[in-house]
Amino acid sequence: MAMSAPTSPHSFLLQNPNRHHLPTTKPISLHPSPRPTKPISITCLASVQVHDRPAAAAQDRVFNFAAGPAILPESVLRKAESELYNWRGSGMSVMEMSHRGKEFLSIIQKAESDLRSLLSIPSDYAVLFLQGGATTQFAAIPLNLCTQSDPVDFVVTGSWGDKAFKEASKYCKPTLIWSGKSEKYTKIPCFDDLEQNPHAKYLHICANETIHGVEFKNYPTPKNGLMVADMSSNFCSKPVDVSKFGLIYAGAQKNVGPSGVTIVIIRKDLIGNAQEITPVMLDYKIHADNNSLYNTPPCYGIYMCGLVFEDLLAQGGLVEVEKKNVKKAKILYDAIDESKGFYRCPVEKSVRSLMNVPFTLEKAELEAEFVKEAAKEKMVQLKGHRSVGGMRASIYNAMPLAGVEKLVVFMKDFQARHA
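Reading the values: the criteria
Throughout this document, residue positions are counted from 1 along each chain, in the order its sequence is written. Restriction of local features to residues with pLDDT of at least 70 applies here, the model being predicted, together with a cutoff of 80 or more for giving and counting side-chain atom pairs; totals for whole chains, interfaces and linings are based on all residues. For side-chain calculations, the full set of non-hydrogen atoms in the structure is used, while hydrogens and water are omitted. UniProt positions are given in the numbering used here, feature names are shortened, and annotations may be inferred rather than shown by experiment. Labels follow the DSSP assignment, with helices taken as runs of H or I lasting at least four residues and strands as runs of E lasting at least two, numbered in each case from the N terminus. The rule is simple: take the accessible area with a 1.4 Å probe, protein chains only, and divide by the maximum for that residue type; under 20% is buried, over 50% is exposed, in between is partly exposed. A contact between two residues is defined here by any heavy atoms of the two lying within 4.5 Å. Each accessible area value is a Shrake-Rupley result obtained with a 1.4 Å probe; residue values ignore everything except the protein chains displayed when judging cover. Helix axes are fitted to C-alpha atoms over the stretch in contact, other axes to C-alpha atoms as well, and angles between N-to-C directions run from 0 to 180 degrees. In these notes the angle categories are as follows: under 35 degrees is roughly parallel, over 145 is roughly antiparallel, 65 to 115 is roughly perpendicular, and the rest is oblique. All amino acids are sorted into three groups, where Ala, Val, Leu, Ile, Met, Phe, Trp, Tyr, Cys and Pro are nonpolar, Asp, Glu, Lys and Arg are charged, and the leftover types, Gly among them, are polar. Pairing between strands requires that DSSP locate at least two bridges from one strand to the other. One confidence number per residue, pLDDT, is output by the predictor and ranges from 0 to 100. For this analysis, a salt bridge means a side-chain nitrogen from Lys or Arg found within 4 Å of a carboxyl oxygen belonging to Asp or Glu. Pairs were defined over the aromatic rings of Phe, Tyr and Trp, the Trp ring being its six-membered one, requiring ring centres within 6.5 Å. Orientation was assigned from the angle between planes: stacked under 30 degrees, edge-to-face over 60, tilted for the rest.

An unreviewed UniProt entry lists the chain under the name Phosphoserine aminotransferase, from Actinidia rufa. The record in UniProt for the chain states the following under Pathway (unreviewed entry): "Amino-acid biosynthesis; L-serine biosynthesis; L-serine from 3-phospho-D-glycerate: step 2/3."

Asks: What am I meant to see in the overall build of the chain here?
Replies: A count of helical and extended segments in the chain gives 10 helices and 14 strands. Going through the 419 residues of the chain one by one, you find that 49% of them count as buried. When contacts within the chain are restricted to residue pairs at least 6 apart in sequence, those whose partners lie at least 24 apart make up 69%. As displayed, the chain offers around 20,700 Å² of accessible surface, 53% of which is attributable to carbon and sulfur atoms.

Asks: Please clarify how the packing of helix 8 (residues 318-337) against helix 10 (residues 401-418) should be interpreted in this entry.
Replies: Each pair of packed helices gets described by two things: the angle between the helix axes and the distance between those axes. Packing of helix 8 against helix 10 leaves a shortest axis separation of 9 Å and a crossing angle of 5°. Taken together, the axes of helix 8 and helix 10 are roughly parallel relative to one another. Here helix 8 contributes Lys-327, Lys-328, Ile-331, Leu-332, Ala-335 and Ile-336 to the contact with helix 10, which in turn contributes Leu-401, Val-404, Glu-405, Leu-407, Val-408 and Met-411. Its residues assigned to classes, the contact of helix 8 with helix 10 comprises 9 nonpolar, no polar and 3 charged.

Asks: Even after reading the chapter, I still don't get the sheet that holds strand 4 (residues 173-179), so can you show me in this structure?
Replies: Within a sheet, adjacent strands bond to each other through the backbone by hydrogen bonds, running parallel or antiparallel. Ordered in space as 2-10-9-8-5-3-4, the 7 strands form an open sheet in which the pairing is mixed. Strand pairing shows two members of the sheet lacking a second neighbour, strand 2 (125-130) and strand 4, which therefore form its edges. On average, adjacent strands in this sheet sit at an angle of 15° to one another, irrespective of strand direction. Looking at chain direction, strand 8 (residues 227-230) and strand 9 (residues 247-251) are connected through 3 bridges and run parallel. Following the sheet pairing, Val-228 is matched in strand 9 by Leu-247. Across the sheet, helix 3 (residues 102-119) is in contact with strand 2 and strand 10 (262-267); its angle to strand 2 comes to roughly 130°. The strands touched by helix 5 (residues 159-168) are strand 3 (151-156), strand 4, strand 5 (203-206), strand 8 and strand 9; relative to strand 3, the strand with the most contacts, the crossing angle is about 160°.

Asks: Honestly, unusual backbone geometry in this entry has me stumped. Any pointers?
Replies: Note: most peptide bonds trans; most residues except glycine with negative phi. Geometrically, the link from Gly-68 to Pro-69 is a cis peptide bond, its omega value of -5° lying close to zero. Inspection of the secondary structure assignment puts Pro-69 in the loop between strand 1 (63-64) and helix 2 (74-83). A positive phi angle, close to 60°, is found at Lys-340, a residue other than glycine. Looking at where Lys-340 falls in the secondary structure, it is placed in the loop between helix 8 and strand 11 (343-344).

Asks: I keep staring at the sheet that holds strand 12 (residues 356-361) and nothing clicks. Help me out?
Replies: Read from one edge to the other, the open sheet built from 3 strands follows the order 11-12-14, with strand pairing classed as antiparallel. The sheet terminates laterally at strand 11 and strand 14 (391-394), the two strands that pair on one side only. Where strand 11 meets strand 12, 2 bridges bridge the pair, whose relative direction is antiparallel. Bridge assignment links Arg-344 to a residue of strand 12, and that residue is Thr-360.

Asks: How should I be thinking about the confidence of the model for the chain in this particular structure?
Replies: Segments scoring low in pLDDT should not have their predicted coordinates read at a detailed level. Here the chain shows a mean pLDDT of 90. Residues at 70 or above account for 86%. pLDDT under 50 marks residues 1-53. Its contacts with residues more than four places away, or in other chains, come to 45 contacts.

Asks: Please clarify how the pattern of salt bridges should be interpreted in this entry.
Replies: Opposite charge on two side chains permits them to pair, given that their charged atoms come into close proximity. Evaluated as defined, the whole model comprises 20 salt bridges. Close ionic contact of Glu-83 with Lys-79 constitutes a salt bridge, the shortest N to O distance being 3.4 Å. Of this pair, Glu-83 and Lys-79 both sit in helix 2, 4 residues apart, roughly one helical turn. By relative accessible area, Glu-83 is classed as buried at 6%. In this structure, Glu-215 and Lys-238 form a salt bridge, with 3.2 Å as the shortest nitrogen-oxygen distance. Here Lys-238 lies in the loop between strand 8 and strand 9 and Glu-215 lies in strand 7 (residues 214-215), a separation of 23 residues in the sequence.

Asks: When you look at the side chain of Glu-373 in this model, what are you seeing that I'm missing?
Replies: Tracing the chain through its elements places Glu-373 in helix 9 (residues 367-376). Not counting residues up to four positions away in its chain, the partners in contact with Glu-373 are Phe-410, Phe-414, Arg-417 and His-418.

Asks: Would you take a moment to explain the pairing of strand 10 for this structure?
Replies: On a regular strand, one side chain projects to one face of the sheet and the next to the other, so that they alternate. For strand 10, a buried count of 5 out of 6 residues is recorded, marking the element as mostly surrounded by other parts of the structure. Pairing between strand 2 and strand 10: 6 bridges, direction antiparallel. Directly across from Tyr-125, in strand 10, lies its bridge partner Arg-267. Two elements, strand 9 and strand 10, share 5 bridges in a ladder whose sense is antiparallel. Bridged to Leu-247 within strand 10 is Ile-266.

Asks: It is not clear to me how the packing of aromatic side chains should be interpreted in this structure. Could you clarify?
Replies: The relative placement of two aromatic rings is captured by the distance of their centres and the angle of their planes. Counting across every chain of the model gives 14 aromatic pairs. When the centroid spacing of 6.2 Å and the interplanar angle of 15° are considered together, the rings of Phe-191 and Phe-216 count as stacked. One end of the pair, Phe-191, is in the loop between strand 4 and strand 5; the other, Phe-216, is in the loop between strand 7 and strand 8, with 25 residues separating them in the sequence. On the basis of relative accessibility, which here comes to 23%, the residue Phe-191 falls in the partly exposed class. Seen in terms of ring centroids, Tyr-219 and Phe-245 are 5.1 Å apart; in terms of plane orientation they differ by 80°. Their pairing is edge-to-face. Of the two residues, Tyr-219 sits in the loop between strand 7 and strand 8 while Phe-245 sits in the loop between strand 8 and strand 9, which places them 26 residues apart along the sequence. Joined through ring pairs, the aromatic side chains of Phe-342, Tyr-343, Phe-359, Phe-370, Phe-410 and Phe-414 make up one cluster.

This is the structure in structure tokens:
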């Protein structure tokens, strides 16, 4: 493959980072006086310097393409930084607050209100802020929605859907009505071909498979009318008609916050029928009756989610957010498709994820060098999941357009030097 290399392959990457360092402080040697007359007052220099430390410059930040925990909006991090020591005049950090105090109650209530606004969540749905990750919901959902003999339908389009199916088999009778495993999870089935059980309690899907980069662009209609979706990696990346689902669940650490928070949106009439063996911490009724405050919740994580919800609303809501995500994804997929085979995305074009972009190199032996060189240029976490290899760029809401553009320029330069 003959391609001319640019005159200055690395000219676009030249930077002059302005890193800030704390001034070096020499150790203090205290020699006691032979006849001390009063106590010696010693000030901890480290604590003083923490308060005096200059704010990190933007150029000190990397473009983080991790699949999760993932990049957060810079404005959110700055806001959290400014409120860390003393939250809005309360005299304490959010991390120190009682979860039953008025200060934290205002935080969690506003977070829920803003999330309801973002997704237009109907009033007959409960919003729960839980712990344990989406993986815990693989058990909680069948425990709350089924008996042990109830049938459930699963469409498995990737690793996470497969894990949910296997966990559900402990608590109900799931049927795998379609799996993309034989084709290495690169497509989504035609909905008309699905052989659903009309008696199934619900139909389960993973709306976006983080590892394989497969995303539902629309949704099948369950024969029993009840859809359950794991939306962990595309939650709040685009508008969703919540009323089409009985239950939506998502780990926060992809698009809406740090790790430690799991959000469940559930139709209220589905609450209150948990199996007797259900642990109290997995019973939706317990959490709904206590407004997600049955025990100490992940307070700081919920606070951070609230800041992200505010940021998404300030951008104009999820319609505007989706437009930005579509633009970023197109730039990256176009670069892959126009590389004449040097890069390749295995996923069927119609169901390519806007959030997680997997790709391989024509010469697999170059993948380690690709990751290494990208990291030198402050683009990190591009190595693909250990189960599939290759590369993966996760370009969630908070990834700026500049990050994707820089990656594409790097990819073209890398190709020019190695093709």
